[in-house]
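Each chain, letter by letter, is given below.
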Amino acid sequence: MSARTSTVVAIDGPAGSGKSSVARAVAQALGFRFLDTGAAYRAITWLILEQGGSTDDEATVVAALDGLDVDVTVDAAGQRVTIAGHDVTDAIRTERVSAAVSGVARVQAVRSAVNERFREIIRVAEPGIVAEGRDITTVVAPDADVRVLLTADEAVRIRRRFGDVGGDQHQVGARLAARDAADSTVSDFLTAADGVTVVDSTHLTFDETVEAIVRLVTEENHD
Ligand SMILES: Nc1ncnc2c1ncn2[C@@H]1O[C@H](COP(=O)(O)OP(=O)(O)O)[C@@H](O)[C@H]1O
Ligand SMILES: Nc1ccn([C@@H]2O[C@H](COP(=O)(O)OP(=O)(O)O)[C@@H](O)[C@H]2O)c(=O)n1
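Remember, predicted model here, so these are calculated numbers, not experimental data.

Here is what the cut-offs are and how they apply
Residues numbered from 1 in each chain as written. Chains lettered and ligands numbered in written order. Predicted model: local features only at pLDDT ≥ 70, side-chain atom pairs only at ≥ 80, totals over all residues. Heavy atoms only, no water. Near = heavy atom within 4 Å. Polar contact = N/O pair within 3.5 Å; in protein donor to acceptor, adjacent residues only side chain to side chain. Areas by Shrake-Rupley, 256 points an atom, 1.4 Å probe, with all protein chains shown as cover. 1 Å grid on protein atoms, 1.4 Å probe; cavity = no way out; pocket = protein on both sides within 12 Å on 5 of 7 lines; lining within 4 Å. Sits in = over half its atoms within 2 Å of the grid points. Helix = DSSP H or I, 4+ residues; strand = E, 2+ residues; numbered from the N terminus. Nonpolar A, V, L, I, M, F, W, Y, C, P; charged D, E, K, R; others polar. Salt bridge = Lys/Arg side-chain N within 4 Å of Asp/Glu carboxyl O. Buried < 20%, exposed > 50% of the residue type's maximum accessible area, 1.4 Å probe, protein only. Pairing = 2+ DSSP bridges. Axes fitted to C-alpha atoms, helices over the stretch in contact; angles between N-to-C directions. Contact = heavy atoms within 4.5 Å.

*Asks:* Which parts of the structure should I look at to understand the site of ligand 2?
*Replies:* Residues in contact with ligand 2 amount to 18 residues; listed here are only the nearest, Arg42, Arg111, Asp135, Arg179 and Asp183. Between ligand 2 and Arg42, the relevant distance is 2.7 Å, taken from an oxygen atom to a side-chain nitrogen or oxygen of the residue. The protein chains hide 97% of the 530 Å² of surface that ligand 2 would expose on its own. According to the grid-proximity analysis, the pocket containing ligand 2 is the largest pocket. For the shell around ligand 2, the secondary-structure elements that each account for two or more residues are helix H2 (38–50), helix H4 (95–105) and helix H8 (169–183). Partitioned by chemical class, the residues of the shell around ligand 2 number five nonpolar, four polar and nine charged.

Rendered as C-alpha coordinates:
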(Lines give C-alpha, C1' and ligand atoms only; values in the text may rest on other atoms or scores of the structure.)
(Ligands and ions follow the chains in the order given, each with its own letter.)
Protein backbone atom coordinates (compact mmCIF):
# COMPACT_ATOMS: atom_id res chain seq x y z
CA MET A 1 0.00 0.00 0.00
CA SER A 2 1.39 3.43 -0.90
CA ALA A 3 0.75 6.45 1.34
CA ARG A 4 -0.92 8.19 -1.60
CA THR A 5 -4.59 9.01 -1.12
CA SER A 6 -5.30 10.14 -4.68
CA THR A 7 -5.96 7.81 -7.62
CA VAL A 8 -3.48 7.64 -10.49
CA VAL A 9 -4.56 6.32 -13.88
CA ALA A 10 -1.75 5.73 -16.39
CA ILE A 11 -2.48 5.29 -20.11
CA ASP A 12 0.03 4.52 -22.86
CA GLY A 13 -0.38 3.65 -26.51
CA PRO A 14 0.58 4.42 -30.10
CA ALA A 15 -0.37 7.55 -32.06
CA GLY A 16 -4.06 7.89 -32.83
CA SER A 17 -5.16 5.21 -30.36
CA GLY A 18 -7.26 7.84 -28.59
CA LYS A 19 -5.01 8.50 -25.59
CA SER A 20 -5.47 12.23 -25.20
CA SER A 21 -9.16 12.48 -26.11
CA VAL A 22 -10.14 9.38 -24.13
CA ALA A 23 -7.90 10.24 -21.15
CA ARG A 24 -9.39 13.75 -21.02
CA ALA A 25 -12.94 12.35 -21.05
CA VAL A 26 -12.09 9.76 -18.38
CA ALA A 27 -10.66 12.54 -16.20
CA GLN A 28 -13.80 14.61 -16.73
CA ALA A 29 -16.07 11.69 -15.87
CA LEU A 30 -14.17 11.04 -12.63
CA GLY A 31 -13.50 14.66 -11.68
CA PHE A 32 -9.75 14.03 -11.99
CA ARG A 33 -6.87 16.10 -13.38
CA PHE A 34 -5.49 15.28 -16.81
CA LEU A 35 -1.87 15.21 -18.00
CA ASP A 36 -0.90 14.84 -21.66
CA THR A 37 2.84 14.17 -21.38
CA GLY A 38 3.44 14.34 -25.14
CA ALA A 39 2.79 18.08 -24.90
CA ALA A 40 6.12 18.62 -23.09
CA TYR A 41 8.08 16.79 -25.82
CA ARG A 42 6.17 18.81 -28.40
CA ALA A 43 6.96 22.11 -26.63
CA ILE A 44 10.70 21.43 -26.62
CA THR A 45 10.46 20.48 -30.29
CA TRP A 46 8.62 23.72 -31.04
CA LEU A 47 11.37 25.72 -29.33
CA ILE A 48 14.18 24.04 -31.29
CA LEU A 49 12.37 24.57 -34.62
CA GLU A 50 11.61 28.17 -33.65
CA GLN A 51 15.33 28.74 -33.10
CA GLY A 52 16.09 27.26 -36.53
CA GLY A 53 17.59 24.05 -35.12
CA SER A 54 17.11 20.43 -36.12
CA THR A 55 15.91 17.74 -33.71
CA ASP A 56 17.99 15.20 -35.66
CA ASP A 57 21.04 16.68 -33.99
CA GLU A 58 21.32 15.34 -30.44
CA ALA A 59 23.71 18.13 -29.37
CA THR A 60 21.09 20.73 -30.40
CA VAL A 61 18.42 18.91 -28.39
CA VAL A 62 20.65 18.65 -25.32
CA ALA A 63 21.57 22.35 -25.65
CA ALA A 64 17.84 23.24 -25.64
CA LEU A 65 17.65 21.80 -22.12
CA ASP A 66 20.03 24.47 -20.84
CA GLY A 67 17.91 26.95 -18.91
CA LEU A 68 14.78 25.27 -20.28
CA ASP A 69 11.65 26.89 -18.91
CA VAL A 70 8.84 24.60 -20.01
CA ASP A 71 5.74 24.46 -17.89
CA VAL A 72 2.82 22.12 -18.14
CA THR A 73 -0.01 23.32 -15.95
CA VAL A 74 -3.21 21.48 -15.32
CA ASP A 75 -6.25 23.07 -13.82
CA ALA A 76 -10.01 22.85 -14.12
CA ALA A 77 -9.91 24.68 -17.46
CA GLY A 78 -7.59 22.06 -18.98
CA GLN A 79 -3.93 21.78 -19.78
CA ARG A 80 -1.79 24.73 -20.90
CA VAL A 81 1.78 24.48 -22.05
CA THR A 82 4.16 27.41 -21.92
CA ILE A 83 7.79 27.59 -22.88
CA ALA A 84 9.98 30.55 -21.96
CA GLY A 85 6.76 32.36 -21.07
CA HIS A 86 5.04 31.77 -24.48
CA ASP A 87 1.75 29.90 -24.49
CA VAL A 88 2.33 27.16 -27.08
CA THR A 89 -0.73 25.02 -26.31
CA ASP A 90 -1.99 25.24 -29.89
CA ALA A 91 1.31 25.81 -31.74
CA ILE A 92 2.68 22.41 -30.67
CA ARG A 93 -0.05 20.51 -32.54
CA THR A 94 1.20 21.25 -36.06
CA GLU A 95 2.39 18.54 -38.45
CA ARG A 96 5.82 20.19 -38.49
CA VAL A 97 6.18 19.58 -34.76
CA SER A 98 4.77 16.01 -35.03
CA ALA A 99 7.33 15.18 -37.72
CA ALA A 100 10.26 16.36 -35.58
CA VAL A 101 9.21 15.31 -32.05
CA SER A 102 10.70 11.80 -32.04
CA GLY A 103 14.18 13.33 -32.32
CA VAL A 104 13.59 15.04 -28.98
CA ALA A 105 11.95 12.02 -27.35
CA ARG A 106 14.96 9.76 -28.00
CA VAL A 107 17.30 11.95 -25.91
CA GLN A 108 17.57 10.46 -22.42
CA ALA A 109 18.48 13.79 -20.77
CA VAL A 110 15.17 15.22 -22.03
CA ARG A 111 13.22 12.25 -20.72
CA SER A 112 14.78 12.53 -17.25
CA ALA A 113 14.06 16.27 -17.08
CA VAL A 114 10.41 16.06 -18.12
CA ASN A 115 9.72 12.92 -16.07
CA GLU A 116 10.72 14.74 -12.91
CA ARG A 117 8.12 17.43 -13.63
CA PHE A 118 5.43 14.82 -14.53
CA ARG A 119 6.01 12.93 -11.29
CA GLU A 120 5.62 16.14 -9.31
CA ILE A 121 2.33 16.96 -11.09
CA ILE A 122 1.07 13.43 -10.43
CA ARG A 123 2.21 13.50 -6.79
CA VAL A 124 0.15 16.59 -5.89
CA ALA A 125 -2.94 15.86 -8.02
CA GLU A 126 -6.17 15.64 -6.04
CA PRO A 127 -8.45 13.72 -6.00
CA GLY A 128 -6.77 11.88 -8.86
CA ILE A 129 -5.14 12.24 -12.26
CA VAL A 130 -5.21 10.55 -15.63
CA ALA A 131 -1.76 10.78 -17.25
CA GLU A 132 -1.15 9.60 -20.80
CA GLY A 133 1.85 9.08 -23.05
CA ARG A 134 4.23 6.32 -24.09
CA ASP A 135 6.00 5.35 -20.86
CA ILE A 136 3.58 6.31 -18.09
CA THR A 137 2.67 2.72 -17.15
CA THR A 138 6.31 1.63 -17.22
CA VAL A 139 8.61 4.54 -16.26
CA VAL A 140 6.76 7.64 -15.05
CA ALA A 141 4.13 6.00 -12.82
CA PRO A 142 4.66 2.22 -12.75
CA ASP A 143 2.89 2.19 -9.36
CA ALA A 144 -0.28 3.81 -10.75
CA ASP A 145 -3.55 2.37 -9.40
CA VAL A 146 -4.84 1.62 -12.90
CA ARG A 147 -2.51 1.04 -15.87
CA VAL A 148 -3.89 0.80 -19.39
CA LEU A 149 -2.40 0.14 -22.79
CA LEU A 150 -4.84 1.76 -25.23
CA THR A 151 -4.54 0.25 -28.70
CA ALA A 152 -6.39 0.13 -32.01
CA ASP A 153 -5.49 -1.39 -35.37
CA GLU A 154 -3.16 0.83 -37.35
CA ALA A 155 -5.65 1.40 -40.19
CA VAL A 156 -8.25 2.61 -37.68
CA ARG A 157 -5.75 4.91 -35.98
CA ILE A 158 -4.76 6.39 -39.33
CA ARG A 159 -8.42 6.98 -40.22
CA ARG A 160 -8.99 8.73 -36.90
CA ARG A 161 -5.92 10.93 -37.27
CA PHE A 162 -6.87 11.73 -40.86
CA GLY A 163 -10.31 12.75 -39.60
CA ASP A 164 -8.60 15.26 -37.30
CA VAL A 165 -5.90 16.71 -39.55
CA GLY A 166 -7.20 16.10 -43.10
CA GLY A 167 -4.82 16.41 -46.05
CA ASP A 168 -3.54 13.35 -47.89
CA GLN A 169 -4.63 10.16 -46.10
CA HIS A 170 -1.69 8.18 -47.47
CA GLN A 171 0.76 10.78 -46.17
CA VAL A 172 -0.99 10.97 -42.79
CA GLY A 173 -0.65 7.17 -42.54
CA ALA A 174 3.02 7.14 -43.52
CA ARG A 175 3.86 9.84 -40.98
CA LEU A 176 1.94 8.14 -38.18
CA ALA A 177 3.65 4.79 -38.90
CA ALA A 178 7.10 6.43 -39.09
CA ARG A 179 6.59 8.21 -35.75
CA ASP A 180 5.42 5.01 -34.02
CA ALA A 181 8.42 3.14 -35.44
CA ALA A 182 10.83 5.79 -34.18
CA ASP A 183 9.11 6.12 -30.78
CA SER A 184 8.96 2.38 -30.20
CA THR A 185 12.76 2.19 -30.25
CA VAL A 186 12.63 4.37 -27.10
CA SER A 187 9.58 3.11 -25.15
CA ASP A 188 7.67 -0.14 -25.51
CA PHE A 189 4.07 0.99 -25.91
CA LEU A 190 3.05 -1.80 -28.27
CA THR A 191 3.02 -4.63 -25.71
CA ALA A 192 1.53 -4.47 -22.24
CA ALA A 193 3.91 -4.72 -19.29
CA ASP A 194 2.95 -6.97 -16.34
CA GLY A 195 -0.19 -5.69 -14.62
CA VAL A 196 -1.18 -3.44 -17.53
CA THR A 197 -4.69 -3.92 -18.97
CA VAL A 198 -5.06 -3.76 -22.75
CA VAL A 199 -8.07 -1.78 -23.99
CA ASP A 200 -8.38 -2.33 -27.73
CA SER A 201 -10.62 0.41 -29.12
CA THR A 202 -10.63 -0.86 -32.72
CA HIS A 203 -14.28 -1.91 -32.50
CA LEU A 204 -15.36 0.38 -29.66
CA THR A 205 -17.04 3.75 -29.98
CA PHE A 206 -15.43 6.69 -28.23
CA ASP A 207 -17.95 6.50 -25.38
CA GLU A 208 -17.47 2.73 -25.00
CA THR A 209 -13.71 3.25 -24.73
CA VAL A 210 -14.13 5.90 -22.04
CA GLU A 211 -16.59 3.67 -20.16
CA ALA A 212 -14.20 0.69 -20.29
CA ILE A 213 -11.48 2.70 -18.58
CA VAL A 214 -13.81 4.38 -16.08
CA ARG A 215 -15.02 0.87 -15.15
CA LEU A 216 -11.45 -0.27 -14.46
CA VAL A 217 -10.97 2.69 -12.12
CA THR A 218 -14.29 2.12 -10.35
CA GLU A 219 -13.51 -1.59 -9.90
CA GLU A 220 -10.06 -0.78 -8.53
CA ASN A 221 -11.51 1.70 -6.03
CA HIS A 222 -13.99 -0.91 -4.76
CA ASP A 223 -11.30 -3.54 -4.11
N1 LIG B 1 -12.87 4.54 -29.66
C2 LIG B 1 -12.88 5.55 -30.52
N3 LIG B 1 -13.75 5.52 -31.51
C4 LIG B 1 -13.77 6.50 -32.42
N5 LIG B 1 -12.94 7.58 -32.43
C6 LIG B 1 -12.06 7.66 -31.45
C7 LIG B 1 -11.97 6.66 -30.44
N8 LIG B 1 -10.97 7.01 -29.62
C9 LIG B 1 -10.46 8.17 -30.09
N10 LIG B 1 -11.12 8.58 -31.18
C11 LIG B 1 -10.83 9.78 -31.98
O12 LIG B 1 -9.61 9.53 -32.66
C13 LIG B 1 -8.89 10.75 -32.81
C14 LIG B 1 -7.46 10.57 -32.32
O15 LIG B 1 -7.46 10.50 -30.91
P16 LIG B 1 -6.34 11.17 -30.01
O17 LIG B 1 -6.91 11.28 -28.65
O18 LIG B 1 -5.76 12.38 -30.65
O19 LIG B 1 -5.22 10.00 -30.03
P20 LIG B 1 -3.75 9.98 -29.46
O21 LIG B 1 -3.67 10.98 -28.34
O22 LIG B 1 -3.57 8.55 -28.97
O23 LIG B 1 -2.86 10.27 -30.61
C24 LIG B 1 -9.69 11.81 -32.08
O25 LIG B 1 -10.47 12.50 -33.03
C26 LIG B 1 -10.56 11.01 -31.16
O27 LIG B 1 -11.76 11.67 -30.83
N1 LIG C 1 5.41 9.77 -22.44
C2 LIG C 1 5.72 10.17 -23.67
C3 LIG C 1 4.83 10.98 -24.41
C4 LIG C 1 5.18 11.40 -25.66
N5 LIG C 1 6.39 11.08 -26.17
C6 LIG C 1 6.86 11.63 -27.45
O7 LIG C 1 6.09 12.78 -27.76
C8 LIG C 1 5.48 12.64 -29.05
C9 LIG C 1 4.13 13.34 -29.08
O10 LIG C 1 3.26 12.63 -28.19
P11 LIG C 1 1.68 12.82 -28.28
O12 LIG C 1 1.11 11.99 -27.18
O13 LIG C 1 1.36 14.26 -28.35
O14 LIG C 1 1.38 12.15 -29.67
P15 LIG C 1 -0.01 11.81 -30.35
O16 LIG C 1 -0.05 10.32 -30.34
O17 LIG C 1 -1.11 12.38 -29.50
O18 LIG C 1 0.10 12.41 -31.69
C19 LIG C 1 5.47 11.14 -29.33
O20 LIG C 1 5.46 10.88 -30.72
C21 LIG C 1 6.76 10.70 -28.64
O22 LIG C 1 7.87 10.97 -29.49
C23 LIG C 1 7.25 10.27 -25.45
O24 LIG C 1 8.33 9.93 -25.93
N25 LIG C 1 6.90 9.83 -24.21
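Read on, since the account is not over.
*Asks:* How do you make sense of the pattern of salt bridges when you look at a structure like this?
*Replies:* Note on pairing: side chains with opposite charge can pair once their charged atoms come close. The tally for this structure, following the rule as stated, stands at nine salt bridges. For Asp180, the salt bridge is made with Arg157, and the minimal N-O distance between the two is 2.9 Å. Placement of Asp180 in helix H8 and of Arg157 in helix H7 (residues 154–165) is noted, with a sequence separation of 23 residues between them. Each member of the pair, Asp180 together with Arg157, is buried.

*Asks:* Help me understand the sheet that holds strand E6 (residues 128–133) in this model?
*Replies:* Sheet strands associate in pairs through backbone hydrogen bonding, adopting either a parallel or an antiparallel arrangement. Strand order across the open sheet formed by five strands is E2-E6-E1-E7-E8, with parallel pairing between neighbours. Whereas interior strands pair on both sides, the edge strands pair on one side only; in this sheet they are strand E2 (33–36) and strand E8 (197–200). On average, each strand axis in the sheet is tilted by 20 degrees relative to the strand beside it, whichever way the strands run. With four bridges connecting them, E2 and E6 associate as parallel partners. Following the sheet pairing, Arg33 is matched in E6 by Ile129. Where helix H1 (residues 19–30) meets the sheet, it contacts strand E1 (7–12), E2, E6 and strand E7 (146–151), and its direction lies at approximately 175 degrees from that of E6.

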